[in-house]
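Secondary and tertiary structure notes
Residues per chain are reported as follows:
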Amino acid sequence: GRDRAGTALASVDPAPAAGVPLVDAAAVSYVPAADFEDQITDLRGRLDAQPTDARAWGSLALLLIEQARQTIDPTAYAEASEAIGRSLETQPQDNDIGLAARAALLSAQHRFAPALEEANAALRLDPYSLPALAVRVDALTELGRLPAALAAARQLDARQPGLSATTRLAYQAE
């Protein structure tokens, strides 16, 4: 199957610390690599100032996973894994973005069964988690569970219409 594990696009947190927007992951992966670098730099600065910000660690991980996917740079996956660990260590309970990031990393590693489990865990905490919804579609597709994948793609489209959902729906139509 195709590698469709990318899962991040910036949107501004309603209360960003020190003027730095928090990447609250959306399930869209069509951002130029240079924009990812700027967002990653901003998040690193935020985390230097607030190292216990679990959501920022999860957001950083999602951006690093997408950067690795776009640039084919495996070192970003290792850094993403560390950021996921920090996110889940900082907030071990009710951390939907940390779980969604872990799901995205597992999907990028083509470990689709555990990716689906993590995506479902994130969705139990936040049914509108865009990265988890996207990973869920991708994992179900790769696992050959096509009717469930189509239903998941429709759910993603209903919750967040856009390029990510449309791309996944088109892939299901193939």
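Coordinates for the structure precede this section.
Before going into details, it helps to say that this report is about the structure given with it. (Residues numbered from 1 in each chain as written. Predicted model: local features only at pLDDT ≥ 70, side-chain atom pairs only at ≥ 80, totals over all residues. Heavy atoms only, no water.)

Quick look at the overall build of the chain
Where we set the bar: Each helix is a run of DSSP H or I of at least 4 residues and each strand a run of E of at least 2, with the numbering of both proceeding from the N terminus. Only protein chains enter the area calculation, which uses a 1.4 Å probe; residues under 20% of their type maximum are buried, those over 50% are exposed, and those in between are partly exposed. Reported accessibility uses the Shrake-Rupley method at a 1.4 Å probe radius. Residues are deemed covered only where the shown protein chains occlude them.
Of the regular secondary structure elements, the chain holds 8 helices and 0 strands. Overall, the chain shows an N-to-C arrangement of helices and strands of α-α-α-α-α-α-α-α. When burial is assessed residue by residue, the chain has 49% of its 174 residues classed as buried. Surface exposure of the chain reaches about 8,000 Å², of which carbon and sulfur atoms provide 53%.

Remarks on the packing of helix α7 (residues 146-159) against helix α8 (residues 163-173)
Convention followed: In this analysis, axes come from line fits to C-alpha atoms, helices being fitted only over the stretch in contact, and the angle between any two N-to-C directions falls in the range 0 to 180 degrees. Note on terminology: angles under 35 degrees are roughly parallel, angles over 145 are roughly antiparallel, angles of 65 to 115 are roughly perpendicular, and the others are oblique. In this scheme the handedness of a crossing depends on how the near helix is turned from the far one: anticlockwise by less than a right angle means left-handed, clockwise means right-handed. Two residues form a contact once any of their heavy atoms are found within 4.5 Å. Under the scheme applied, nonpolar residues are Ala, Val, Leu, Ile, Met, Phe, Trp, Tyr, Cys and Pro; charged residues are Asp, Glu, Lys and Arg; polar residues are all the others, including Gly.
With their axes 9 Å apart at the nearest point, α7 and α8 run at an angle of 155 degrees to one another. When the axes of α7 and α8 are compared, the pair comes out roughly antiparallel. Here α7 and α8 pass one another in a crossing that is left-handed. Of the residues in α8, those in contact with L146, A149, L150, A153, R154, L156 and D157 of α7 are S164, A165, R168, L169 and Q172. Split into classes, the residues belonging to the contact of α7 with α8 amount to 7 nonpolar, 2 polar and 3 charged.

Quick notes on the environment of S87
Structurally, the position occupied by S87 is in helix α3 (residues 74-90). Considered as a pair, S87 and D53 are 34 residues apart in the sequence and their alpha carbons are 7.4 Å apart. Ignoring sequence-local partners within four residues, the contact set of S87 consists of A54, W57, G58, N95 and G98.

Overview of unusual backbone geometry
We note that I72 has phi near 55 degrees; this positive angle belongs to a residue other than glycine. Considering the arrangement of structural elements, one finds I72 in the loop between α2 (54-71) and α3. Classification of I72 as exposed rests on a relative accessible area of 72%.

A short note on the pattern of salt bridges
Definition in use: Salt bridges are defined by distance alone: a side-chain nitrogen of Lys or Arg within 4 Å of a carboxyl oxygen of Asp or Glu.
Under the defined criterion, the tally for this structure stands at 6 salt bridges. A salt bridge links R55 to D96, with the nearest nitrogen and oxygen atoms 3.2 Å apart. Pair noted here: R55 is in helix α2 and D96 is in helix α4 (residues 96-108), with a separation of 41 residues, a long-range link. A salt bridge links R168 to D138; its shortest N-O distance comes to 2.9 Å.

Notes on a negative patch on the surface
Worth spelling out the cut-off: A patch is a set of surface residues, each over 30% in relative accessible area and not in a salt bridge, joined within 9 Å for like charges and within 5 Å for the nonpolar side chains Val, Leu, Ile, Met, Phe, Trp and Tyr. Charge counting treats Lys and Arg as positive and Asp and Glu as negative, with His and both chain ends excluded. Where a charge lies is defined by one atom per residue type, namely NZ (Lys), CZ (Arg), CG (Asp) and CD (Glu).
Residues D35, E37, D38 and D42 make up a contiguous surface patch of negative charge. By secondary structure assignment, the location of D38 is in helix α1 (residues 33-49). Owing to a relative accessible area of 47%, D38 belongs among the partly exposed residues under this scheme.

As for the packing of aromatic side chains
Heads up, the rule is: Classification of ring pairs rests on two measures: the distance between centres of Phe, Tyr or Trp rings, Trp counted by its six-membered ring, which must be within 6.5 Å, and the angle between planes, read as stacked under 30 degrees, edge-to-face over 60 and tilted in between. For a lysine, the NZ atom is tested; for an arginine, the CZ atom; a charge sits over a ring if that atom is within 6 Å of the ring centre and within 35 degrees of the ring normal.
For the structure shown, the criterion picks out 0 aromatic pairs. If you follow R159 out to its NZ or CZ, it ends over the ring of Y128, 4.8 Å from the centre.

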